[in-house]
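# Coordinates in review
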Amino acid sequence: MQHLPTEALIARLRALHLGSAVEPALQLAVDRNAGRMRPLSDQPYLYHLVEVAVQIVEVFGIRDEIATVIALWHDLLEDDQISRDELLHYINTRPALVRLGDLLPLLDGLNRHNKTTEQYYSTIAILPPQAFWVKTSDLLSNTKPMPLLDWQRLKPRWIAKYSVELAREVLDVGRFEQKRAYPTIRNALLEVQQRLISGLQNDEDRWHEIAAYDPRFISSAQRLLNLELGSRA
């Protein structure tokens, strides 16, 4: 799959001039993700992290220094790449990060460990808006390549998970509708999901394989197909 080289994407992020905290946040992301690759891709995992940060500005139209830092770090704790104590020390020894205040509640909220799906999204709903912007950009980054991949490379659980979560927790739940930029965010996610589901409809065996994995998939997929772009704008 064609994509920008990671260094080019990093250059785009730097060119946005989102604040002095971006550089130390980026350095930690680079250090902790050296050698990691993104599943089903030739992209370094770092590419995903930077893409999440860039999309918040370029797709959602939101410029926010805290959101950028959280985007670059959103998997650090969940993937056990760093301990909370190490991360706190890193923040406290860099004035550009210290001035942003306590970042750990946002990172804890984006950590799925020991949370049901309902608990996870309910937590994001009551956190400062940066958690929602990062999570939805993360979902967009993870689902955007799906319609372009060979169906056989996509595990049924991934398609089921992202289809069900988007339909039930983000696109069809009123608790997020008052969030800043929600109509833009919703349309970006919905456009990708509708292309994915529409393509799957032409592969009956694959459709049934995914439906067998998660019985909620069919109703969620139908809901995604029925939703209209811009209907809540």
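Residues numbered from 1 in each chain as written. Predicted model: local features only at pLDDT ≥ 70, side-chain atom pairs only at ≥ 80, totals over all residues. Heavy atoms only, no water.

### Quick look at the packing of aromatic side chains
Here the distance between the centres and the angle between the planes together describe a pair of aromatic rings. For the record, the criterion: The aromatic pairing rule takes the rings of Phe, Tyr and Trp, using the six-membered ring of Trp, and pairs them if the centres are within 6.5 Å, calling planes under 30 degrees apart stacked, those over 60 edge-to-face and the rest tilted. Only DSSP runs of H or I with at least four residues qualify as helices, and only runs of E with at least two residues qualify as strands; both kinds are numbered from the N terminus onward. The cut-offs for exposure are 20% and 50% of the maximum accessible area for each residue type, with area from a 1.4 Å probe on protein chains only; residues under the lower value are buried, those over the upper are exposed, and the others partly exposed. Charge over a ring is defined by NZ of Lys or CZ of Arg lying within 6 Å of the ring centre and within 35 degrees of the ring normal.
As enumerated under the stated definition, the model contains 5 aromatic pairs in all. Pairing F132 with F176 gives two aromatic rings, centres 4.7 Å apart and planes at 15°, and the pair type is stacked. Remark: F176 occurs in the loop between α10 (156-170) and α11 (182-200) and F132 occurs in helix α9 (residues 129-143); sequence separation between them is 44 residues. You can call F132 buried: its relative accessible area is 1%. Take F176: its relative accessible area is 0%, and that puts it in the buried class. Ring geometry for W207 and F217: centres 5.0 Å apart, planes at 65°, overall edge-to-face. Taken together, the positions of W207 in helix α12 (residues 204-213) and F217 in helix α13 (residues 217-226) put the pair 10 residues apart, joining distant regions of the chain. Pair check on accessibility: W207 and F217 agree, each one buried. Among the aromatic side chains, those forming a connected cluster through ring pairs are F132, F176 and Y182. Stacked on the ring of Y45, the Lys or Arg R36 has its end atom at 4.1 Å from the ring centre.

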